[in-house]
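What follows is the residue order along each chain.
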Amino acid sequence: MKNLIVYQGKYGATEQYAQWLAEEFPLPVYRAESCDANELEQTGLLVMGSSVYIGKLQISRWVNKYLNQLYGKQLILFVVSGTPLSEKETLLKYVNSSLPEQITDRCRIFYLPGRLIYNKLSWKDRLLLRIASIFTGTSRENKKMLRGYDDVKKEHLAAISSEISRLLKEQQPSSMTTVIG
Ligand SMILES: Cc1cc2nc3c(=O)[nH]c(=O)nc-3n(C[C@H](O)[C@H](O)[C@H](O)COP(=O)(O)O)c2cc1C
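These numbers come from a predicted model, not from an experiment.

Draft legend 1. Seen up close, the environment of Tyr7. One can find Tyr7 in strand 1 (residues 2–8). On a C-alpha basis, the gap between Tyr7 and Trp62 in space is 9.7 Å, while along the polypeptide they are 55 residues apart. Setting aside its immediate chain neighbours within four residues, Tyr7 contacts Thr14, Glu15, Ala18, Val29, Tyr30, Arg31, Ala32, Gly49 and Ile59.

Below you can see the structure in the form of structure tokens.
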């Protein structure tokens, strides 16, 4: 049985978290567009990572394409975004509006703080942020989006790392005990 990390992001925050996890365990890591049904065969644990753009998970199209292949696997999802971790309802809404229930029901989900470097964004994404800011007003969070931020830190992976360790241990056959008597 093999185990994989598959992620989809745009500017490197999700990739950075995926790489840190891949180094820690170690596990092969794929960008979603390079991971097809063949790669998913014989996979036990699948760790999926995705960032959020305008309320949608970047990995949603890939998940929907490979729904059948994901069936029966151990699933973990980490979601990288600019929404504060205290805003649980908003974060949950991103997931529920991007992925089918049959996946969200069977997934352990972790939320991680992201990174946005305004000068590195494409003109399209800058425009989208500007348009979004017109609708969402001048809240602190909104200003933060336009200023940019970098909250990507290895230490945020503590909870997801311990869950991966637990699931990998579960995969190991329990050692046989011989009773001599
Ligand atoms: C155009 C644009 C739209 C975004 N939309 C959202 C959003 O709806 N909710 C959110 O929490 N973060 C949003 N973000 C922030 C990203 O999710 C965050 O910067 C994330 O770390 C990006 O990760 P990546 O580099 O792996 O793509 C948006 C960023 C951009 C540039």
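Draft legend 2. The domain arrangement of the protein, seen in detail. When its domains are assigned, the protein resolves into domain 1 (2–114 + 152–171) and domain 2 (116–150). In this structure, domain 1 and domain 2 have C-alpha centres spaced 24 Å apart. Facing 10 residues of domain 1, the contacting portion of domain 2 comprises 9 residues. For the pair domain 1 and domain 2, the summed buried surface comes to about 730 Å²; carbon and sulfur atoms form 52% of the total. Applying the counting rule to domain 1 against domain 2 returns 1 salt bridge.

Draft legend 3. Spatial organisation of the site of the ligand. Of all residues adjacent to the ligand, which total 25 residues, the nearest are Lys10, Thr14, Val52, Tyr53 and Thr83. Within the backbone of Arg115, an N or O atom sits 2.7 Å from an oxygen atom of the ligand. In the complex, 96% of the free accessible area of the ligand, which totals 650 Å², lies under the protein chains. Within the shell around the ligand, the residues separate by chemical class into 13 nonpolar, 9 polar and 3 charged. When we break the shell around the ligand down by domain, the ones giving at least three residues each are domain 1 (2–114 + 152–171) and domain 2 (116–150).

Draft legend 4. How the structure looks around the environment of Tyr66. Structurally, Tyr66 can be placed in the loop between helix 3 (60–65) and helix 4 (67–70). Under the relative-accessibility criterion, Tyr66 is labelled buried at 10%. On a C-alpha basis, the gap between Tyr66 and Ala37 in space is 6.9 Å, while along the polypeptide they are 29 residues apart. Leave out the neighbours within four places in its chain, and Tyr66 touches Cys35, Asp36, Ala37 and Leu40.

Draft legend 5. How the structure looks around the side chain of Ser50. Secondary-structure assignment places Ser50 in strand 3 (residues 43–53). A relative accessible area of 0% means that Ser50 is categorised as buried. A polar atom in the side chain of Ser50 sits 2.9 Å from the backbone nitrogen of Gln58. Within the structure, Ser50 has its side chain in polar contact with the backbone nitrogen of Ile59 (distance 3.1 Å).

Draft legend 6. Main features of the pattern of salt bridges. In this structure the tally under the stated criterion is 6 salt bridges. Note that Arg115 is salt-bridged to Asp150, the shortest N-O span being 3.9 Å. Note that Arg115 is positioned in strand 7 (residues 115–116) and Asp150 in strand 8 (residues 149–150), a separation of 35 residues in sequence. Given a relative accessible area of 28%, Arg115 falls into the partly exposed group. In this structure, the salt-bridge partner of Glu170 is Arg166, at a minimum N-O distance of 2.8 Å. Taken together, the residues span about one helical turn, with Glu170 and Arg166 both in helix 9 (residues 158–171) at a distance of 4 residues. The class of Arg166 is partly exposed, set by a relative accessible area of 42%.

Draft legend 7. How the structure looks around the nonpolar core. By size, the foremost hydrophobic cluster in this structure holds 24 residues, and its most contacted members are Leu46, Met48, Trp62, Val63 and Ile103. The set of elements that each furnish at least two residues to this core consists of strand 1, strand 3, helix 3, helix 4, strand 5 (74–81) and helix 5 (88–98). Look past the residues within four positions of Ile103 in its chain and what remains in contact with it is Met48, Val63, Leu67, Leu70 and Leu75. Ile5, Tyr7, Leu21 and Ala22 belong to the second-largest nonpolar core, a separate cluster that totals 23 residues.

Rules of the game
Once a new chain begins, its residue numbering starts again from 1 and follows that chain's sequence as written. With the structure being a predicted model, the display of local features is reserved for residues of pLDDT at least 70 and the display and counting of side-chain atom pairs for 80 or more, all residues being used for whole-chain, interface and lining totals. Processing note: side-chain calculations cover all non-hydrogen atoms of the structure and skip hydrogens and water entirely. Secondary structure elements are defined from DSSP: runs of H or I of at least 4 residues count as helices, runs of E of at least 2 residues count as strands, and each element is numbered from the N terminus. Residues are treated as being in contact if the distance between any of their heavy atoms lies within 4.5 Å. In this entry, domain limits derive from an automatic or database-based domain assignment. Summed over both partners, the accessible area lost on bringing two parts together, with a 1.4 Å probe, is the buried area. One side-chain nitrogen of Lys or Arg within 4 Å of one carboxyl oxygen of Asp or Glu is enough to make a salt bridge. Here, proximity means that at least one heavy atom of the residue falls within 4 Å of the molecule or strand. Polar contacts, as used here, are pairs of N or O atoms within 3.5 Å; protein pairs need one atom able to donate a hydrogen and one able to accept it. Residues neighboring in sequence count only if both atoms are side-chain atoms. In short, Shrake-Rupley with a 1.4 Å probe defines the accessible areas, and a residue's cover is counted only from the protein chains shown. Residue polarity follows a fixed list, in which Ala, Val, Leu, Ile, Met, Phe, Trp, Tyr, Cys and Pro are nonpolar, Asp, Glu, Lys and Arg are charged, and the others, Gly among them, are polar. Working definition: with a 1.4 Å probe on protein chains only, accessible area under 20% of the residue-type maximum means buried, over 50% means exposed, and in between means partly exposed. Here the nonpolar core consists of buried residues drawn from Ala, Val, Leu, Ile, Met, Phe, Trp, Tyr and Cys, with membership extended through side-chain atoms lying within 4.5 Å.

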